[in-house]
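# What the coordinates show
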Amino acid sequence: MAGHLETGGWTGAAWWAILIAALTVLLMKYVWMTLEQIWWKPMHIVRKMESQGIKARPYQLLGGDYPEIVKLAKAAQSEPMTTISHDTVPRILPFFGPCCASHGTMHLFWQGTAAPTLNITDPEMIKEIMSTKSSCFHRAALEAQILERFLGKGIFVVEDDEWTRHRRIINSAFHIEKLKAKVGVMVTSTEQLMKRWETLGVNDSSFEVEVLQEFYKLTRDILSRTVFGNSYKQAKKTGLLQEELAELLMGPSQVWKLLIPGYSLLPTPYNRRIRRLKQDMNRILDEIILTRQEHAESGKLRDYGNDLVGTLLYEAETGNHDPKDRKRLSIEDVKNECQTVLFAGHDTTANLLAWTVMLLSLHPQWQERARKEVTEICNGSPIDDEKLRGLKILTMILQEVLRLYPAVAELTRVAVKNTTIQGLSIPEGLQVSLPILQIHRDEEQWGSDALEFRPDRFAGGAAKACKNATSYIPFSCGQRTCVGQVFAMMEAKVVLAMILQRFSLQLSSKYKHGPKVAGALSPQYGMPIIFHKLT
Ligand code: HEM
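Residues numbered from 1 in each chain as written. Predicted model: local features only at pLDDT ≥ 70, side-chain atom pairs only at ≥ 80, totals over all residues. Heavy atoms only, no water.

For the rest of this paragraph, the subject is the overall build of the protein chain. When you go through the protein chain residue by residue, the secondary structure sums to 22 helices and 12 strands. On C-alpha atoms alone, the protein chain measures out to a radius of gyration of 26 Å, which is about the 24 Å that the 2.2 N^0.38 rule sets for 535 residues. Dimensions of the protein chain, computed from the C-alpha atoms along their principal axes, are close to 105 × 65 × 45 Å. Split into buried and exposed, the 535 residues of the protein chain put 52% on the buried side. Put simply, 73% of the contacts in the protein chain that link residues at least 6 apart link residues at least 24 apart. Taken together, the 64 basic and 58 acidic charged side chains of the protein chain have centroids lying 1 Å from each other. (Helix = DSSP H or I, 4+ residues; strand = E, 2+ residues; numbered from the N terminus. Rg over C-alpha atoms; globule rule 2.2 N^0.38 Å. Buried < 20%, exposed > 50% of the residue type's maximum accessible area, 1.4 Å probe, protein only. Contact = heavy atoms within 4.5 Å. Lys, Arg positive; Asp, Glu negative; His and termini not counted. Charge placed at Lys NZ, Arg CZ, Asp CG, Glu CD.)

Turning our eyes to something else, we now look at the site of the ligand. In the vicinity of the ligand, 26 residues are found, and the nearest of them are Arg139, Trp163, Arg167, Arg413 and Cys482. With respect to the ligand, the side chain of Arg167 contributes an N or O atom lying 2.8 Å from an oxygen atom. Among the elements of the structure, helix H8 (160-173), helix H16 (331-362), strand S5 (411-415) and helix H22 (485-502) are those that each provide at least two residues to the shell around the ligand. In terms of residues, the shell around the ligand owes the most to one element, H16, which gives 6 residues. (Near = heavy atom within 4 Å. Polar contact = N/O pair within 3.5 Å; in protein donor to acceptor, adjacent residues only side chain to side chain.)

Turning our attention to the sheet that holds strand S1 (residues 108-110). Within a beta sheet, neighbouring strands are joined by backbone hydrogen bonds and run either parallel or antiparallel to one another. A sheet is described by the order of its strands in space; here 5 strands give the open sequence S1-S2-S8-S5-S3, paired in mixed fashion. Edge positions in the open sheet fall to S1 and strand S3 (137-139), since each of these has one partner strand only. Averaged over all pairs of adjacent strands, the angle between strand axes in this sheet comes to 40°, irrespective of strand direction. Of the pairings in the sheet, the one linking strand S2 (residues 116-119) to strand S8 (residues 431-434) comprises 3 bridges and is parallel in character. Note on S8: the bridge partner recorded for Asn119 is Ser433. (Pairing = 2+ DSSP bridges. Axes fitted to C-alpha atoms, helices over the stretch in contact; angles between N-to-C directions.)

Further remarks concern the nonpolar core. Ranked by size, the top nonpolar core spans 117 residues in total, and within it Trp197, Val211, Phe215, Phe228, Ile499, Met527 and Phe531 carry the most contacts. If one sorts the elements of this core by residue count, H16 sits on top with 14 residues. Residue contacts for Phe531: discarding those within four places in its chain leaves Trp197, Ser205, Ser206, Phe207, Val209, Val211, Ile499, Phe503, Ser504 and Leu505. Judged by nonpolar contacts, the second largest core, of 29 residues, contains Tyr59, Ile120, Ile126 and Ala415. (Core = buried A, V, L, I, M, F, W, Y, C linked by side-chain atoms within 4.5 Å.)

Moving on, we get to the packing of aromatic side chains. Scanning the entire structure with this criterion turns up 18 aromatic pairs. A ring pair is formed by Trp39 and Tyr59, whose centres lie 5.5 Å apart and whose planes are at 25°; its orientation type is stacked. Here the residue Trp39 occupies a position in helix H2 (residues 12-50), and Tyr59 occupies one in the loop between H2 and helix H3 (66-76), the gap between them amounting to 20 residues. Between the aromatic rings of Trp446 and Tyr472, the centroid separation amounts to 5.9 Å while the plane-to-plane angle is 70°, which identifies the pairing as edge-to-face. In this pair, Trp446 sits in helix H21 (residues 443-446) while Tyr472 sits in the loop between H21 and H22, placing the two residues 26 residues apart along the sequence. Taken together, the ring pairs in this structure connect Trp197, Phe207, Phe215, Phe503 and Phe531 into an aromatic cluster. The positively charged end of Arg403 is found above the aromatic ring belonging to Trp446, 5.1 Å away from the centroid. (Phe/Tyr/Trp six-rings, centres within 6.5 Å; stacked < 30°, edge-to-face > 60°. Lys NZ or Arg CZ within 6 Å of the ring centre and 35° of its normal.)

Take helix H11 (residues 211-228) next. With 18 residues, H11 extends 25 Å between its outermost C-alpha atoms, agreeing within 8% with the 26 Å of an ideal straight helix rising 1.5 Å per residue. The opening residue of H11, the one whose side-chain oxygen lies 3.1 Å from the backbone nitrogen of Leu212, is Glu210. Of the residues trailing H11, Gly229 is marked for its positive phi of about 50°. (Expected span 1.5 Å × (residues − 1).)

With that settled, consider the coordination of the iron atom of the ligand. Within the protein, a single donor atom binds the iron atom of the ligand, namely Cys482 (SG) at 2.3 Å. When you line up the elements, Cys482 lands in the loop between H21 and H22. (Donors = N, O, S within 2.8 Å, 3.2 Å for Na, K, Ca; no water.)

The strand order across the open sheet formed by 3 strands is S4-S12-S9, and the pairing between neighbours is antiparallel. Looking at the sheet topology across the chains shown, the edges are occupied by strand S4 (206-210) and strand S9 (503-507). Across the sheet, the axes of successive neighbouring strands diverge by a mean angle of 30°, strand direction being ignored. Both S4 and strand S12 (residues 528-533) contribute to a ladder of 5 bridges, which runs antiparallel. Across the sheet, Ser206 pairs through a bridge with His532, a residue of S12. On the sheet, H11 packs against S4 and S12 and is oriented at approximately 70° with respect to S4. Lying over the sheet, H22 contacts S9 and S12, oriented at roughly 95° with respect to S9.

The next point concerns the packing of H16 against H22. For the pair H16 and H22, interaxial distance at closest approach is 10 Å and the crossing angle is 40°. Taken together, H16 and H22 sit at an angle that is classed as oblique. By crossing handedness, the relation of H16 to H22 is classed as right-handed. For the pair H16 and H22, the contacting residues are Thr349, Leu352, Leu353, Thr356, Val357 and Leu360 in the first and Ala488, Glu491, Ala492, Val495, Leu496 and Leu500 in the second. Residue classes in the contact of H16 with H22 are distributed as 9 nonpolar, 2 polar and 1 charged. (Parallel < 35°, antiparallel > 145°, perpendicular 65-115°, else oblique. Left-handed = near helix turned anticlockwise from the far one by under 90°. Nonpolar A, V, L, I, M, F, W, Y, C, P; charged D, E, K, R; others polar.)

Attention now goes to the pairing of S5. Across the 5 residues that make up S5, a large majority, 5, are buried. What you see with S5 is no split at all: Leu411, Arg413 and Ala415 on one side and Thr412 and Val414 on the other are buried throughout. With 3 bridges connecting them, S3 and S5 associate as antiparallel partners. Bridge pairing links Phe137 to Ala415 in S5.

A word on the layout of surface pockets. In this model, the second largest pocket occupies a volume close to 560 Å³. Taken together, 26 residues line the second largest pocket, and the ones lying closest to its centre are Thr395, Gln399, Gln485, Met489 and Lys493. Within the lining of the second largest pocket, the residues separate by chemical class into 15 nonpolar, 6 polar and 5 charged. (1 Å grid on protein atoms, 1.4 Å probe; cavity = no way out; pocket = protein on both sides within 12 Å on 5 of 7 lines; lining within 4 Å. Points joined across faces, edges and corners; volume = space filled by probe spheres on them.)

Here is the structure:
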């Protein structure tokens, strides 16, 4: 046998030759795949789009247009705006205007390496992407990667059938009948905030508050109570951990770390901190879930409770929502969804409140109209679900605030199969960007006063406020429209109705106008408001 091996040539040198050949094949395959990914495929997409008359920006291999976009945004946001103007696209999406001027409104740019992205503002195209052809589009890969690392595989990240299952269950937790019962929670939290504010200016008729931070605390409190019910105090800590985690994972200077394969596995202080924060969050959620399960088993609760965690735990146990697909939620799913809802519903609504008090301060006639309506409807009694439905002026005001200051300034999707949108052929791998901020200011849709604050444009309802209803999408549209939009509007109305009955609002002279995307669209320099007590 030994002689056979020697004469057959299976020497050490032969083994080395085979190994080197195998490694060379592997390396060539890797190079081939990389070239396909970063060059041939994107170039094929560009050719396909150019052949249909779309102008494309030149491709830069390192990051595409992303470095330029970041540079322009940094420059635009380096100081406050000189006037309080709602013409904020040049500040928030500074690449948009120059690109449209040179390449037309529907142009192709590069949101990163190998990320050819079509800019779309046409409402009919948006409707197809988000509704009729939504199965052809997923969340863009990098965004999904960031969200999964941050929130786990919750509703933001899952796609197709898995998304349908998660969405059906979460929808049941946000059913209107369940939400009506949350008005009391909203009132209790806001009452506590008002009391604290009143002690700030206990001897004065006026006092100043930095409201953005206050609204962050308030919306976190309301959401913690909604998601975790009686366990909300324990859960409140998760909000703070989540804030730090969001900064570490989604801060603009951190995104590059996700682009390096394997970076998250390195034992760097940054990665260790992320791991620690996630462990702490997990521990708190495990404790809450365990207590809830023990209470349900011992009969202290009829089922798991009426809050989000209770609804999800019930689904995890019974899984009876879909007779065809009896796959149940796992405890991991329950934790991921609780974290997702806490994240999605907290700073979006806080910023809506902050922009609204700013606009009401700038437009005293609207502030007075809203106060008159609230006073007439509430007539000194506590606000409830029925009264909320009567607040038409306040609804119009909030709709107009969401038009000018939508929490999500831009949505991105990627085509996962070849499709056509309004006759335009869309190849698999093409990203689409829907710049909500610009769409909400399109003069063709909104008229020549698109940059003005005019809540009465919503007098006939949101669908009639502009030419095509899909030009108004603060909560997105189609299948993946915001789960929490009714909740957010109820919450904003409760808080504002309670504020307006006690105080008149004035913008502090310290206010500096500078909208910026920081998670949600936020006032970069805060929102100082002077509260005058009403007698
Ligand atoms: C003013 C407040 C809010 C605004 C402007 C807003 C806006 C949005 C937008 C634009 C999306 C689509 C995001 C995307 O597809 O990339 C979204 C999704 C979502 N929102 Fe909201 N949101 C608000 C409040 C809330 C609240 C209070 C909750 C929960 C309590 C919530 C839960 C969610 C969830 C779970 C999704 C994901 C839906 C899915 O993918 O099926 N949001 N929201």
